[in-house]
Amino acid sequence: MPNVVTSRPPAKLNLFLELLGKRDDGFHEIDTIMLPIDWCDEMRLARTEASDISLSIGWLPSLEVVAAELGVDPNSDDGKNLLAIPSDEKNLVVRALRRFRDHFDTPGGFHCDLLKRIPAGAGMGGASSDAAAALRCAAALHGIPLHNPELTVLAAEIGSDVPFFLGIDRHSCQAARAQGRGEKLSQVSLLSQIDMVVVFPSVCLSTARVYSQATIPTEIVPPDAMIAALGRGDLGGIAAGGLNRLQEPAVKIAKQIDEILESMWHIGLIGCQLTGSGSACFGLARNAVDARRGAEQLRSQLLPGSRVASVSSATVPSSVNLVITPNG
Ligand SMILES: C[C@@](CO)(OP(=O)(O)O)[C@H](O)COP(=O)(O)OP(=O)(O)OC[C@H]1O[C@@H](n2ccc(N)nc2=O)[C@H](O)[C@@H]1O
Ligand SMILES: Nc1ncnc2c1ncn2[C@@H]1O[C@H](COP(=O)(O)OP(=O)(O)O)[C@@H](O)[C@H]1O
């Protein structure tokens, strides 16, 4: 069995998000279309003899570069709020590894090196994706099949969005419809790659806070038009079918989201909206070249004060790669 493995957990965007109702347990019933994108963290997981679970965290390309883009001093309160990622039990990676070890009763512990690219509190699912990758990496290190259904049960206990990042029923997945609180998944087919620009404003939004300010619409919109447009590879249809019922409450908390969206529409991106509970926004481009050009234009307008990236649709789950170490 390997002693060290690596993985590249991807971010996600919600192309569609409808609220169906509020449940007694405080969660909302949702209907959402999630798309993995090629904006990824980097994870390296090693088995340790001691039973501890430890995590070290850094930013790529570096804390200083990311802080400069966001226009914050990394040591200020604002900087810490945006860039200080917990390395204790609050980190979903630590929670995932602990649950894994307790559930499968595996010997020893883990050390994880996590290099972040995905902004936190952005609605891009970075923490959830890291947790899913940690479960898969831990399974690989202990010879447990990566498609073991018990991993999906553990994933749902860690967070509503975590199961999506494991893929669906052993299959790699380009897009998924998630229902229930987000854990009931079905495949959505995608005819062609989607190229987009993502902007993360310098604000971190709490998922719980945004949900708490949301209202359930009187008329529920189904995702049918979005699903059909994705299957046809119809960019105009994807843009027209976009919806995010969390956008209104997120904008009430962080007004700058509206300004960001305005700038995105202005440079010719289409279907511009918030992802998840925010604060990141995305807009669709005709192709990868247009997305890169759009990102450059927005960078010149919005930096410092945001992170801007051109991205393309990707797949989940992220692969797990064995690392050959000198002693094993
Ligand atoms: C909004 C979405 C859309 O994909 O993503 P993010 O913006 O977080 O990336 C998800 O629904 C977020 O899923 P996730 O981030 O895993 O949330 P959880 O940790 O399970 O829950 C955090 C809190 O959000 C609220 N919550 C979450 C999911 C849900 N369906 N209804 C809720 O009301 C609850 O208050 C819960 O205590
Ligand atoms: N592995 C992780 N990476 C980033 N943030 C994490 C991680 N684990 C826990 N967190 C905490 O969870 C919060 C939200 O994480 P994240 O999933 O990135 O945002 P969102 O729910 O908006 O997609 C962060 O602000 C951070 O404090």
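Residues numbered from 1 in each chain as written. Chains lettered and ligands numbered in written order. Predicted model: local features only at pLDDT ≥ 70, side-chain atom pairs only at ≥ 80, totals over all residues.

Under the annotation held in an unreviewed UniProt entry, the protein carries the name 4-diphosphocytidyl-2-C-methyl-D-erythritol kinase and is attributed to Novipirellula herctigrandis. Its UniProt record gives the protein the following Pathway (unreviewed entry) comment, quoted word for word: "Isoprenoid biosynthesis; isopentenyl diphosphate biosynthesis via DXP pathway; isopentenyl diphosphate from 1-deoxy-D-xylulose 5-phosphate: step 3/6." Regarding the protein, the UniProt comment filed under Catalytic activity (unreviewed entry) reads as follows: "4-CDP-2-C-methyl-D-erythritol + ATP = 4-CDP-2-C-methyl-D-erythritol 2-phosphate + ADP + H(+)". (UniProt positions renumbered as here; feature names shortened; annotations may be inferred.)

Bringing the overall build of the protein into the picture now. Counting secondary structure elements, the protein contains eleven helices and 14 strands. Over its C-alpha atoms the protein spans a radius of gyration of 19 Å, differing by no more than 12% from the 20 Å that the globule rule assigns to 328 residues. With the principal axes as the frame, the protein shows a C-alpha extent of 55 × 40 × 40 Å. Within the protein, buried positions represent 47% of all 328 residues. (Helix = DSSP H or I, 4+ residues; strand = E, 2+ residues; numbered from the N terminus. Rg over C-alpha atoms; globule rule 2.2 N^0.38 Å. Buried ≥ 20, exposed ≤ 12 C-beta atoms within 10 Å, placed from the backbone.)

In this section: the site of ligand 1. As a matter of local geometry, ligand 1 sits amid 20 residues, with Gly123, Gly159, Ser160, Gly276 and Ser277 nearest to it. If you list the elements that add at least two residues to the shell around ligand 1, you get β2 (10-22), β3 (28-40) and α6 (207-212). When the residues that make up the shell around ligand 1 are grouped by side-chain class, the tally is five nonpolar, 13 polar and two charged. (Near = placed C-beta within 6 Å. Nonpolar A, V, L, I, M, F, W, Y, C, P; charged D, E, K, R; others polar.)

For the pair helix α3 (residues 92-104) and helix α5 (residues 149-158), interaxial distance at closest approach is 10 Å and the crossing angle is 140°. For the element pair α3 / α5, the angle class is oblique. With respect to the hand of their crossing, α3 and α5 are arranged in right-handed fashion. Residues Leu92, Arg95, Ala96, Arg99, Phe100 and His103 of α3 lie in contact with α5, whose contacting residues are Glu150, Leu154, Glu157 and Ile158. (Axes fitted to C-alpha atoms, helices over the stretch in contact; angles between N-to-C directions. Parallel < 35°, antiparallel > 145°, perpendicular 65-115°, else oblique. Left-handed = near helix turned anticlockwise from the far one by under 90°. Contact = placed C-beta atoms within 7 Å.)

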